[in-house]
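# Secondary and tertiary structure notes
Residues per chain are reported as follows:
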Amino acid sequence: MTAAVRKLSEDIFEQWYDNPDQFDRDIWPEALPEKWQTEASGLIASHPRVAIRSGHGVGKTAWLARRIIWWGMTRHPWKIGCTAPSSSTLFDALWSELAKWHSKMPEALKAQFEWKSERFEWRASPAVSYAVAKTARRETPEALAGLHSENMLYIIDEAPGVDEVIFETSARGHEYGWLENDHDRQPDPQQRVFF
Ligand SMILES: Nc1ncnc2c1ncn2[C@@H]1O[C@H](COP(=O)(O)OP(=O)(O)OP(=O)(O)O)[C@@H](O)[C@H]1O
Ligand SMILES: [Mg+2]
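These numbers were taken from a predicted model, which means no experiment stands behind them.

### Examining the overall build of the protein chain
Within the protein chain, the secondary structure is distributed over eight helices and seven strands. Taking all 195 residues of the protein chain together, 36% fall into the buried category. Contacts spanning at least 24 positions in sequence make up 68% of the contacts within the protein chain whose residues lie at least 6 apart.

Next up, the structure:
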């Protein structure tokens with residue numbers, strides 16, 4: 001980590017750890033969270049899985065992209081498995097939003113990450129701290145399996161199009177956070193949180 005970042009008070013990283021909404025407000029003050037994005041961020045600290053059901057174009061993918069950056073900024077080491085039902089959803093939407101919000105970060109923090117076409121890496125330790133984008137296909141359920149980290153997060157955009165087998169394979173045996181963007185999957189109060 002650079003000296004510029006080290007100069008940031010340790011306090012702020014502690015505040016951000018469980019407060020993704022504060023992170024968004026501090027990092028992107030020119031693009032403050034929508035009210036629902038604030039509510040969704042508030043659910044993360046107390047729930048291992050959060051799913052978002054909503055209409056189109058309200059900012060779900062942007063919120064997921066910001067969660068990738070927040071997770072990477074506040075945990076060490078960290079890994080994030082990102083998936084979506086098609087490569088266009090994954091790369092044209094989620095990975096593109098990730099590039100957008102990464103580019104709008106304050107310089108010193110932006111420099112900690114490197115955006116690549118299929119990976120988003122922590123520059124200081126790219127082998128153990130990174131997000132990876134893999135299209136979810138039923139015939140390759142292992143796409144997100146095999147990722148291990150003390151700080152594991154899964155991001156599933158357009159979750160209704162993703163086969164259950166992918167969810168099961170990715171979640172097995174992990175301590176994980178799980179953020180889905182879910183237009184119409186049936187609520188299951190045992191497993192997921194809806195609002
Ligand atoms: N809080 C915000 N401030 C400024 N711009 C935002 C914010 N949230 C989202 N956006 C922007 O709004 C646009 C639409 O957002 P996004 O693509 O995330 O919506 P979506 O709900 O995923 O849409 P879809 O239903 O098509 O998947 C994007 O350009 C995104 O960067
Ligand atoms: Mg979207």
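### A closer look at unusual backbone geometry
Geometrically, the link from histidine 76 to proline 77 is a cis peptide bond, its omega value of -10 degrees lying close to zero. Secondary-structure assignment places proline 77 in the loop between helix 5 (60-74) and strand 2 (79-83). Positive phi, close to 50 degrees, is recorded for glutamate 158, a residue that is not glycine. Within the fold, glutamate 158 resides in the loop between strand 6 (152-156) and helix 8 (164-171).

### Let's talk about the packing of helix 3 (residues 20-27) against helix 4 (residues 35-44)
At a minimum axis distance of 7 Å, the contact between helix 3 and helix 4 shows a crossing angle of 130 degrees. By the angle class used here, helix 3 and helix 4 are oblique. Along the contact surface, helix 3 presents Pro20, Asp21 and Asp24, while helix 4 presents Thr38, Ser41, Gly42 and Ile44. Of the residues contributing to the contact of helix 3 with helix 4, the split by class is two nonpolar, three polar and two charged.

### Focus on the site of ligand 1
Near ligand 1 lie 13 residues; those nearest to it are Ala31, His56, Gly59, Thr61 and Ala62. For the shell around ligand 1, the element with the highest residue contribution is helix 5, accounting for three residues. Residues belonging to the shell around ligand 1 are distributed by class as follows: four nonpolar, five polar and four charged.

### Concerning the nonpolar core
Side chains of nonpolar character tend, in soluble globular proteins, to be buried together. Within the largest apolar cluster, 43 residues are counted, with the highest numbers of intra-cluster contacts made by Ile68, Ile80, Cys82, Leu94 and Ile155. If you tally residues by element for this core, the top one is helix 5, at nine residues. Beyond its immediate sequence surroundings of up to four residues, isoleucine 155 is in contact with Leu64, Arg67, Ile68, Ile80, Cys82 and Leu179.

### Some words on helix 3
In an α-helix, one turn spans 3.6 residues, which is why side chains three or four residues apart end up on the same side. What helix 3 keeps buried is the set Pro20, Asp21, Phe23 and Asp24. In an axial view of helix 3, the angular spread of the buried residues amounts to 155 degrees, which keeps them on one side of the axis. Where helix 3 is buried, its residues touch helix 2 (10-17), helix 4 and helix 5.

### Some details on helix 4
Buried within helix 4 we find Gln37, Ala40, Ser41 and Ile44. Projection of helix 4 onto a plane perpendicular to its axis shows the buried side chains occupying an angular sector of 100 degrees, all on one side.

### Observations concerning the pairing of strand 5 (residues 130-133)
Here strand 2 pairs with strand 5 via four bridges, running parallel. Each residue of the ladder has a partner; that of glycine 81, found in strand 5, is valine 132. Relative to strand 5, strand 4 (residues 119-122) runs antiparallel, the two being bridged by three bridges. Directly across from glutamate 121, in strand 5, lies its bridge partner tyrosine 130.

Reading the values: rules and limits
Residues numbered from 1 in each chain as written. Chains lettered and ligands numbered in written order. Predicted model: local features only at pLDDT ≥ 70, side-chain atom pairs only at ≥ 80, totals over all residues. Helix = DSSP H or I, 4+ residues; strand = E, 2+ residues; numbered from the N terminus. Buried ≥ 20, exposed ≤ 12 C-beta atoms within 10 Å, placed from the backbone. Contact = placed C-beta atoms within 7 Å. Axes fitted to C-alpha atoms, helices over the stretch in contact; angles between N-to-C directions. Parallel < 35°, antiparallel > 145°, perpendicular 65-115°, else oblique. Nonpolar A, V, L, I, M, F, W, Y, C, P; charged D, E, K, R; others polar. Near = placed C-beta within 6 Å. Core = buried A, V, L, I, M, F, W, Y, C linked by C-beta atoms within 7 Å. Arc of directions from axis to C-beta. Pairing = 2+ DSSP bridges.

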